[in-house]
Amino acid sequence: MVPDRGASAHLGVGARPGAPVDEVLALADAVLREAGLRRADVRSLATLDARAPEAGLVGAAALLGVPVRGFAAEELAAVSVPHPSALPLAATGTASVAEAAALLAAEETALLVAEEAAALLVAEEEALPSAEAVLPEAALPTAGAAALPATEAALPTAADGATRARAGRAVLLVPKRKSARVTCALATSVPFRPNEDAPGVRLLPLAHGYIAGEPGSPPTIPTPHTTAAMDMHTHTDAHDLRHHGDAEVRDDKLIDLAVNVRTNTPPDWLRERIADSLTGLAAYPDGRAARAAVAERHDLPANRVLLTAGAAEAFVLLARALPVRRPVVVHPQFTEPEAALRDVGHEVGRVLLREEDAFRLDPAAVPEDADLVVIGNPTNPTSVLHPAASIAALARPGRILVVDEAFMDAVPGERESLAGRTDVPGLVVLRSLTKTWGLAGLRIGYVLAEPDTVAALERAQPLWPVSTPALVAAEACMSRVALAEAEHAAHRIGVERAHLLAGLAEFDEVRTVEGSEGPFVLLRIDGADVVRERLRSLGFAARRGDTFPGLDRNWLRLAVRDRATTNRFLQALDQALLMGG
């Protein structure tokens, strides 16, 4: 077995002559805080070898309790950095001493671990009995046979292990940050695990990337494009309404930015509650306790609540159970509502929100004769959070107003939510427990609506539509402790989303939707469909945008992930854009 040393952090520092200890330490501390790390997590301070004897760097390293590692200028120049600058390139031959030194130090640590892992693999191989010892003479291959003994054919060599460990093992956690005389970056080395299958980021061996606005950055010429317009025609277009993010990661082992399910979920306490429910599988599901818990959470009577097998089932029930004549879906948004309506023969009108309006809702754009209106809030894929007043303004006598709030619990305070409102006529609010709690495979959501609407939908459901484990999960997720955890997660998502948006803003080629509030962001790149395929080759899955009405091949949706994953993705995006020349 290979010991797991865990990830180690390495500070890369570029400093002008005479930079004092306190300035180096102050910037290093700021970088560590940004990464959520402490001084104790640092393993080395890396820099240009000519700067290694500087008193400020030596003193800072001593206070951190780590060695100073000096790299030759030609070694640093060979490292691809995501944020190059012209000044250090002219002075030292590398476009960022801080980033290059951090990455190189992290890579050397990864290679050291890989060498140890390879040595252990060789030792294990040598410890195995030989084919002659374990096979009868008749079973051994002859001299001319092509087959090798299974023990020899299956084992990797030391060189295989080292090569595999080198690919994608150095990750930039925090890009270069600057003070008056010091530049600092932070990288980590991911431990080598022989049985790990995920490819990670396979960065190309380019000299360096570039960042928008830096001297020497290649010019970008935006391609003219048309924007979405209000459109109320019935459609039979080529949008694949049944394509969803899970299709992007179904067959390939990629880092997942395509599916909007929070990572590291379900939490342990929820797994235990679900596991405990398995002892009662012999009994038919009883949804009364879960229904009461949802009602109490939203301060509603139980007859205003309907539990469903995910929000997707609710869309099917709405399409089948309600006698509507003129349904309208506000796009771009989750496509399952329109697909369900079409499946039962409805002609579906579309209101297409426009990029130049930041995909914001204008209630006046929805036709007066629409008797069913569907809108998401916050909207998937735009991540726009519409004001509750704007959505409530869509309500009319005789109209069903469906608001998909599947991602509302990812918004701090759930501001702009209409859940729990009883003063909006015809209001139907859909909620999902899939995204925040990681229950996509369990299928649990619910509907909040007027009692008559709930009764009509319930009559269209099959018997026992929600399983006992899903009901137990629903009840558990309504507890005060669970709601507090969801609120904390929503705040954390906001921090990580800001970091992702800040990184994307460094690319001239990328344009993001303003005011994102969900656990994902929508971005536009000319030729995004091609960029998406390049990202796949680099180990990342992004959600294609052209299946959403109102968007085309130039759009991608990205799920918000932790900072380390985001930084690795930004490096891969830089490479993917450069691959196009």
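Refer to the structure above for everything that follows.
Residues numbered from 1 in each chain as written. Predicted model: local features only at pLDDT ≥ 70, side-chain atom pairs only at ≥ 80, totals over all residues. Heavy atoms only, no water.

> So what's going on with helix H18 (residues 528–537)? Which residues, and what values?
When we look at burial in H18, the residues that qualify are Ala 528, Val 531, Arg 532, Leu 535 and Arg 536. Buried residues in H18, looked at end-on, bunch into an arc of 145°, giving them a common side. In this fold, the buried residues of H18 make contact with strand E16 (540–544), strand E17 (555–559) and helix H19 (563–578). (Buried < 20%, exposed > 50% of the residue type's maximum accessible area, 1.4 Å probe, protein only. Helix = DSSP H or I, 4+ residues; strand = E, 2+ residues; numbered from the N terminus. Arc of directions from axis to C-beta. Contact = heavy atoms within 4.5 Å.)

> How would you summarise unusual backbone geometry if you had to cite specific residues and measurements?
Geometrically, the link from His 331 to Pro 332 is a cis peptide bond, its omega value of 0° lying close to zero. In this structure, the amide linkage connecting Asn 380 to the following residue, Pro 381, adopts the cis form with an omega of 20°. Along the chain, Pro 381 falls in the loop between strand E10 (372–376) and helix H13 (388–392).

> Report on the pairing of strand E13 (residues 445–449), specifying residues and quantitative values.
Where burial is concerned, most of E13 is hidden: five out of the five residues are buried. With burial as the criterion, each face of E13 is covered, one bearing Gly 445, Val 447 and Ala 449 and the other bearing Tyr 446 and Leu 448. By the bridge criterion, four bridges tie strand E7 (residues 305–308) to E13 in an arrangement that is antiparallel. Within the sheet, the bridge partner assigned to Val 305 lies in E13 and is Leu 448. Judged from the five bridges that link them, strand E12 (residues 427–432) and E13 form a sheet pairing that is antiparallel. Counterpart to Leu 430 in the pairing with E13 is Val 447. (Pairing = 2+ DSSP bridges.)

> I'd like a description of the nonpolar core, backed by residues and values.
Of all hydrophobic cores here, the largest spans 53 residues; its most connected members are Leu 401 and Leu 433. If you tally residues by element for this core, the top one is helix H16 (residues 468–477), at six residues. Setting aside residues up to four positions removed in sequence, Leu 433 forms contacts with Gly 438, Leu 439, Ile 444, Gly 445, Tyr 446, Ala 474, Cys 477 and Met 478. Counting residues in each nonpolar core, the second largest holds 26 residues, with Phe 507, Ala 528, Phe 540 and Ala 542 among its members. (Core = buried A, V, L, I, M, F, W, Y, C linked by side-chain atoms within 4.5 Å.)

> Outline the sheet that holds strand E15 (residues 520–524), listing residues and values.
The strand order E6-E16-E17-E15-E14 describes an open sheet built from five strands, whose pairing is mixed. The open sheet is flanked by strand E6 (255–257) and strand E14 (511–512), the only strands paired with a single partner. In the sheet, E16 pairs with E17 via two bridges, with the strands oriented antiparallel. What sits directly across from Arg 543, in E17, is Arg 557. Helix H17 (residues 480–504) rests against E14, E15 and E17 of the sheet, and its axis sits at about 15° to E15. (Axes fitted to C-alpha atoms, helices over the stretch in contact; angles between N-to-C directions.)

> Before we move on, can you summarise the environment of Pro 519 with the specific residues and values?
Structurally, Pro 519 can be placed in the loop between E14 and E15. Taking relative accessible area as the criterion, Pro 519 reaches 10% and is therefore assigned buried. Note: C-alpha distance between Pro 519 and Val 411 (108 residues apart in sequence) is 8.3 Å.

> Could you give an account of the sheet that holds E10, with specific residues and numbers?
Spatially, seven strands are ordered E7-E13-E12-E11-E10-E8-E9 in an open sheet, and the strand pairing comes out mixed. The sheet is open, and its two borders are formed by E7 and strand E9 (349–352), each paired with just one other strand. Across the sheet, the mean angle from the axis of one strand to that of its neighbour is 20°, orientation sign disregarded. Pairing between strand E8 (residues 327–331) and E10: three bridges, direction parallel. Residue pairing for E10: Pro 327 is matched across the bridge by Leu 372. Contacts from helix H12 (residues 336–343) reach E8, E9 and E10 within the one sheet, and its direction differs from that of E8 by about 155°.

> Can you explain H16? Please cite residues and give values.
The element H16 is largely enclosed, with a buried count of nine among its 10 residues. Buried within H16 we find Thr 468, Pro 469, Ala 470, Leu 471, Val 472, Ala 473, Ala 474, Ala 476 and Cys 477. On the buried face of H16, the contacting elements are helix H9 (268–277), helix H10 (288–297), E7, helix H14 (434–437) and H17.

> Outline the packing of aromatic side chains, supporting the account with residue identities and numerical values.
This model, assessed by the stated rule, comprises six aromatic pairs. Aromatic side chains Trp 269 and Trp 437 sit 5.6 Å apart centroid to centroid with 75° between the ring planes, which places their arrangement in the edge-to-face category. In this pair, Trp 269 is assigned in helix H9 and Trp 437 in helix H14, connecting sequence segments 168 residues apart. On the basis of relative accessibility, which here comes to 27%, the residue Trp 269 falls in the partly exposed class. Both rings, one in Phe 407 and one in Phe 520, keep their centres 4.9 Å apart while their planes meet at 75°; by these two values the pair is edge-to-face. You can see Phe 407 sitting in the loop between strand E11 (400–404) and E12 and its partner Phe 520 sitting in strand E15, a full 113 residues away along the chain. Stacked on the ring of Trp 437, the Lys or Arg Arg 262 has its end atom at 5.8 Å from the ring centre. The positively charged end of Arg 557 is found above the aromatic ring belonging to Phe 520, 5.8 Å away from the centroid. (Phe/Tyr/Trp six-rings, centres within 6.5 Å; stacked < 30°, edge-to-face > 60°. Lys NZ or Arg CZ within 6 Å of the ring centre and 35° of its normal.)

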